[in-house]
Amino acid sequence: KDKLYGRGKESSLITDTFCRVSLSGTSEALLIGGYSGSGKSRIVQSIFDQVACAGGYIISQKFDEQLRESALSAVLAAFDKLCLLIAEKNSPQDIQNAVNDLVTVFGPQLSSLVRVLPNINILLQGASNAKSDDHRQPNQAFYDLDDTSNLNSIKFILQMFMRVVSSSSRPVMLFLDDLQWADSSLDIVHSILSDVGGSSCVFFVGTYRDNEVKSQPNHPLYQFIRNLHSSNVNSTVLYLDGLQQDDLNELVSDALGIFPRLCLSLSAVIHRKTKGNPLFVSEFLGSLVHRGLLQFSVKEGHWVWDEEKINAEDMTENVIHLVTTKMSDLPVDTKTTLMIASCFGSKIHSNIISFLNSTSKYSFFTSELNNAVAGGYMVEDRSDYRFVHDKIREASYRLIQANEQKKFHFDIGMLMFYSGDYDRMDGTNSFVIADQISYGLDMIVYPPQRHTFADFFRSAALKAMKISSFTSARSYARAAESLLPTDCFNDSSYHLSMKILTVLGKACSACGDVDEAKNALSKILTNGRSLEDKLDAYYYMIQLMIAQQEMEQAYESCSDVLSQLGETIPSAVDQKQVSAMISGIGQALGKMSDSEVLGMSEMDDSRMISLVHFYDQIASVSFFANQKMFVFYSCKLVTLSLEHGISKFTAKSLVQYGAVASGNDGYRYGRLALSLLQRFDSNDQLPAVYVTFYGYTAVRFEPIQACAAQLKRGFEIGMSIGETANAFGNGVHFIHKSLL
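Residues numbered from 1 in each chain as written. Predicted model: local features only at pLDDT ≥ 70, side-chain atom pairs only at ≥ 80, totals over all residues. Heavy atoms only, no water.

Draft legend 1. Representation of helix α8 (residues 151–165). Its 15 residues place the ends of α8 21 Å apart at the C-alpha level, agreeing with the 21 Å of an ideal helix rising 1.5 Å per residue. Here α8 lies mainly inside the structure; 11 of its 15 residues are buried. (Helix = DSSP H or I, 4+ residues; strand = E, 2+ residues; numbered from the N terminus. Expected span 1.5 Å × (residues − 1). Buried < 20%, exposed > 50% of the residue type's maximum accessible area, 1.4 Å probe, protein only.)

Listed below in C-alpha cells is the structure:
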C-alpha cells in the first residue's frame, strides 16, 4: 500500500531539494505537474517522515474546486496549522522563546498576527510569561470597519512570522495540492519565498494538473512561476508521466501476489488501457474483478483472467466512469452520503457530520460514512472524513444529476440554516452554510426571505473580514447585494442596503478591486438619505483615491465633506494666520503640564468625531496636494482637541504641530504624541506619528541609532496594517538615518 512504483528518481530529487534547503537555510520551490491520479501527492507524502526526522515542520493544504472563492483561506489555514505544530513539537521553554521572539518582532502589533493566524493564541497561552496586552484586539472607538488591512499587509505579517519560526534547524515544508484551482493568493507564498529581509527557511512543494492549466497562459500558477524566476528564487518543475510497463508489472505482481513473469501479458493490456496512470490502474483492476474478468481461483490457488475477453472489452479511459459504475450498485443511503460529502469538497469536517447526523433526514450519515470507508472511497482523518482521491470525489459528485446539482447544494444549505440561529453561528458554520446556499440564490424568490438571506450573507462577509479572508468576504457581500430588491433604497431595505454596500466596498478594496469598490460606495453616496449615512462611504472612497494617487480629487472630496459638516474650508491661508494659530496653540499648551494634557477628557460628540476624522484625512492629503495648507489643518486638529477633547487623531496632529514648533517645545509635543498613542491603543496612527517624530524631530535630541530603530518599527507596523504610504515614509527615513 505504501510502496512507490517507478518514482525512484523523482523521490530522490524531492529529497535532495529538501536537504539543500535545510543545509543552506535558503528557501526553494518545487512544482510537480501531471495528470490526475499520476501520484503527485503520494510522492510528496513519501518524504514526510524524512522531513520530520530532520526537525522540520510539515504543513499541507489542498485547494478545492468546490471552494475556489476560499483559496486565500486555504493558504492562511496552512500557516495556522504551523502554530499547532510549534506547540506540539517543542518543549515549554522553546515555546516561551518563540513567543518572546514574536513579541519582540511584532510588539504591540501582535494582534495583527492573531487576526491572521488565530492559533497563535495557543502559543501565547502556552507561554507563561507572554504579556497579555501584547495581543489585545484593535481599538474600535471610531467606525467599526475602519481598518486598512489588505492582501499586502497579510504578506508582510506572514513574512515576519516565518522569519521567527523557520530556520535551517527547523525548516518548514509547505505543501499545497491542486494548484490548478489556486488564485492570486499564491502571491503570499511568493512573498515568503522571496523574502530578502529575513532568514525564512521554507521548502515549498506545489502539485497541479498540468493538462488543466497548459491552455491558460494567464493562470495564477504561471504568474507565480514567473514571479519566482524574477525574484531569483531557486525553483524546479517536475512532470510525472504514467508508469513504465515494467514498473506497472511490478505493481500488478504485488497486487495479485504472483511472480512478475506470470502477469506480463495482463500488465501489457492494463498499460495499454490506462497509459500507466496509477489511480486508473488501481480502479481498472477493481473493475475487472467487479465484472468477473479477473477472479481468484480457489482450485488453482491464484488469480486468473481471460486476456482475450479483457482485450476485447470496450473499456473507457475515464477513471470517473469506472468509479461511478462501481458506485451505482451501492445502497441508496451510501450513495446519498457520498453525494452530500462531495458537496463540501475533498474533506467533510466533524462539525458538519455531527450536524447532518442530528437531523431526521440524514440520521444515517455517520454510519454510512463508515461504509464508504469500508468500500475504499473515503478515509477517516482524525474526526473528519476525506475522499481517498479527488477523482473519487468527482465521481461521487457525478452521482448527482447535472441539472440537480445547484438545487442539491441549496437544499443542504437551507437545511443547515433553518436548523440553527445564524446570528449566533461562528464563522466556520456561517461560511459552510453560505457556500452551499450561494449555489441557488436564484431559488430565493420571496421578498422577506431574500431580505433574511441578504442579511445572513452580510453577516458572513463581516465575519470573513474579521479573519482577513478577504476573497470570501467579497463573495459573500456580492451574494448579499444580489438578493437586494431592485428598489433597494426603499424604506424596508434602505438600512440593510447601506450596510451591505459598505462591507462590499471594503472587501473589494482589500482584494484590490478598486473599480468594484468605488461602484459600491458610489451607490451609497448617490442614494444615502443623510450625510451621516454617507460618512463611511466618503471616507473609504477618499482612501481609494489616495491609494490610486488621485490626491487632488481626494483633497476636493475631503473639502466637500467638511463643508457639508458645516466647516468653512479656505482656499488659501496667509502666513500671518498660520503663525497666529501656531502661537495660540503654543500658549495654550504652555500653560498645561504633561499630565494635564494626557489627562484631558475624550471627545464624545459624534459630529466632532466626524470632523476630526476628515480633518485628519485632509491634513494627510494636503501634504501632497496643497502643502501650503498642511500646517493649517494640523493646527486646526490640535485646536479642536483642546476645545472639545482628545481623540486618537490628536497624537498625529500634535506631533505634526511639534515638527513646525521650535526647539524643546517641539520635542515635548512629540513625546506627548507617543504617550497618546498608548492611551488610545491607536496602532493605526503609529506609522504617521513615528515618521514625523523620529524622522524630523527626535533626531535632534536622541541618538540617531535609536531613531533608526523606531523608524524600522514604524515601517513594520505600517506594512502589517496596510498603511503602506506611511510605512514607506518610515522606511526611507530608516535607510537615510542608518547610512549617517
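From this point on, the discussion continues.
Draft legend 2. Just the sheet that holds strand β8 (residues 347–348), in detail. Strands sit in the order β8-β10-β9 across an open sheet of three strands; the sheet is antiparallel. Strand pairing shows two members of the sheet lacking a second neighbour, β8 and β9 (378–381), which therefore form its edges. Relative to strand β10 (residues 384–387), β8 is paired through two bridges, and the arrangement is antiparallel. Each bridged residue has a counterpart across the sheet, and for K347 the counterpart in β10 is R386. (Pairing = 2+ DSSP bridges.)

Draft legend 3. Just the packing of aromatic side chains, in detail. Under the counting rule described, the total for this entry stands at 28 aromatic pairs. What links up through ring pairs into an aromatic cluster is the set F417, Y418, F431, F453, F456, F457 and Y476. When the ring centre of Y397 is taken as reference, the NZ or CZ atom of R393 above it lies at 5.7 Å. A cation over a ring is seen here: R529 above Y494, with NZ or CZ 4.0 Å from the ring centre. (Phe/Tyr/Trp six-rings, centres within 6.5 Å; stacked < 30°, edge-to-face > 60°. Lys NZ or Arg CZ within 6 Å of the ring centre and 35° of its normal.)

Draft legend 4. Molecular detail of the packing of helix α32 (residues 630–644) against helix α33 (residues 650–660). α33 packs onto α32 with a crossing angle of 125° between their chain directions and a minimal axis gap of 8 Å. When the interaxial angle is binned, α32 and α33 end up oblique. Here α32 and α33 pass one another in a crossing that is left-handed. Two secondary-structure elements touch here, α32 through F630, V631, S634, C635, L637, V638 and S641 and α33 through T650, S653, L654, Q656, Y657 and V660. (Axes fitted to C-alpha atoms, helices over the stretch in contact; angles between N-to-C directions. Parallel < 35°, antiparallel > 145°, perpendicular 65-115°, else oblique. Left-handed = near helix turned anticlockwise from the far one by under 90°. Contact = heavy atoms within 4.5 Å.)

Draft legend 5. Representation of unusual backbone geometry within the structure. Of note in this structure, N232 is not a glycine but carries a positive phi near 60°. Its place among the elements puts N232 in the loop between α11 (220–230) and β5 (235–240). Residue class for N232 comes out exposed when judged on its relative accessible area of 71%. The backbone phi angle of K275 is positive, close to 60°, even though this residue is not glycine. As for its placement among the helices and strands, K275 is situated in the loop between α13 (264–274) and α14 (278–290). For K275, a relative accessible area of 51% gives the class exposed.

Draft legend 6. How the structure looks around helix α1 (residues 8–24). Taking 1.5 Å per residue, 17 residues should reach 24 Å; α1 reaches 24 Å between its end C-alpha atoms and fits that length. Turning to α1, its buried residues are E10, S11, I14, T15, T17, F18, V21 and S22. Angular distribution of buried residues about the axis of α1 spans 155°; they occupy a single face of the element. Across from the buried face of α1, at angles greater than 90 degrees, the exposed residues are K9 and L23. Tucked into the core, α1 has its buried residues touching β1 (28–34), α2 (40–45), α3 (48–53), β4 (202–208) and β5. Once α1 finishes, G25 follows within two positions and takes phi at roughly 75°, a positive value. (Arc of directions from axis to C-beta.)

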